[in-house]
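Residue strings, one per chain:
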Amino acid sequence: MKWITARRRHPLAGYVVVILALALFGVGYASLAPTADQASAQTLSAEAPSPEDVDTAAGKAIFDQTCASCHGLDGSGSALNGPDLREVGSAAIDFQVSTGRMPSMDPDSQMPRKPMVMSEEDLANLIAYYNESIRTDGSGADVPYDVPGTPPKADDFEDQASYEAALEDYQSEYDSYIEGADDVDMGMKLYLTNCAHCHSWSGGGGALTDGRWAPEIHDSTPRQIYEAMVSGPGAMPMFSDGVIAPDEKQELISYVKTLQAEPNAGGIFDLERVGQVAEGFIGWTVGLTLIIACAIWITAKQRAHD
């Protein structure tokens, strides 16, 4: 202790303390931050039932029971309950139902993402009926069946072998679509230009005006992201294939799925990936506060000793 006390008056003592504090802070962060191996895999997607296997009569029954009370039997909607569906396109129907936002018990409120209330077969039947009896002259965007959708569920198969075979096919389809995008820089630029200002740079979502919000897209399948772009749900603008081409959408979606797979390196001070600027500001604020506190402590001890 005498050795330390004797050298506290040294002119370089303050710098040594600051360097040790910064080193301790860096080592602590490195030990607490998660590694790349801790990144969790994202929910993937699978092909919907073939259009040739649908039952439009069953789809009509589903529409009458779950949609007509707000949108009307002919899908024309009403000013008080639900919007007109005749020109929105099947992609909008698939997006709203597959993300659990529809059917809704409160049409005046923005609905969060929830588990889908019907099976994939029921959804396919509903879309088939919509295309046949409600949709006006093919208006709106079609369901992009060539883009991976919702993953298969074991409950939809008679045996485990059939389920595993379907899952393997789906995984191959998903990998082919994501790996088919070879221009990561283009995907990043498209996302940052058109999406990040609402959904944040990390896809975590953010607040909008009038009490609404841009939802996080971490659980969205490639097809749901594609459908959101071509249908423009809620306050989101529409990005048709004429505005952002299908191959450009593939680059953007691949970038989003790659972004989702990155580890959250927040450690014990997890900031939910709010953004580089905010995280950097908080990091510098905390670091500078510690440095200033150390400097004040050193000065106070020196004055007390003198």
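Residues numbered from 1 in each chain as written. Predicted model: local features only at pLDDT ≥ 70, side-chain atom pairs only at ≥ 80, totals over all residues. Heavy atoms only, no water.

Asks: How should I be thinking about unusual backbone geometry in this particular structure?
Replies: Generally, phi is negative for residues other than glycine and the peptide bonds are trans, each holding for most cases. With omega at 0°, the peptide bond leading from M102 into P103 counts as cis. Topologically, P103 is positioned in the loop between α5 (90–98) and α6 (120–134). Phi at D137 takes a positive value of approximately 50°, unusual for a residue other than glycine. Among the structural elements, D137 can be located in the loop between α6 and α7 (160–179). By relative accessible area, which is 78% here, D137 ends up exposed. (Helix = DSSP H or I, 4+ residues; strand = E, 2+ residues; numbered from the N terminus. Buried < 20%, exposed > 50% of the residue type's maximum accessible area, 1.4 Å probe, protein only.)

Asks: For this particular structure, what's the right way to read the environment of L85?
Replies: Looking at the secondary structure, you find L85 in the loop between α4 (68–71) and α5. L85 gets classed as buried once you look at its relative accessible area, which sits at 10%. Sequence spacing of L85 and S139 is 54 residues, and the spatial spacing of their C-alpha atoms is 9.9 Å. The residues touching L85, leaving out its near neighbours within four places in the chain, are F63, H71, G75, I93 and Y130. (Contact = heavy atoms within 4.5 Å.)

Asks: In this structure, what is going on with empty space enclosed by the protein? I would like to understand it.
Replies: To find leftover empty space, a probe the size of one water molecule is rolled over the atoms. Counted under the stated rule, the structure contains one cavity of 30 Å³ or more. The volume enclosed by the largest cavity comes to roughly 90 Å³. In terms of lining residues, the largest cavity is bounded by 14 residues, among which D94, E120, L123, T150 and R223 are the most central. Mapped by element, the contributors of at least two residues to the lining of the largest cavity are α5, α6 and α10 (222–231). By residue number, the principal contributor to the lining of the largest cavity is α6, which donates four residues. (1 Å grid on protein atoms, 1.4 Å probe; cavity = no way out; pocket = protein on both sides within 12 Å on 5 of 7 lines; lining within 4 Å. Points joined across faces, edges and corners; volume = space filled by probe spheres on them.)

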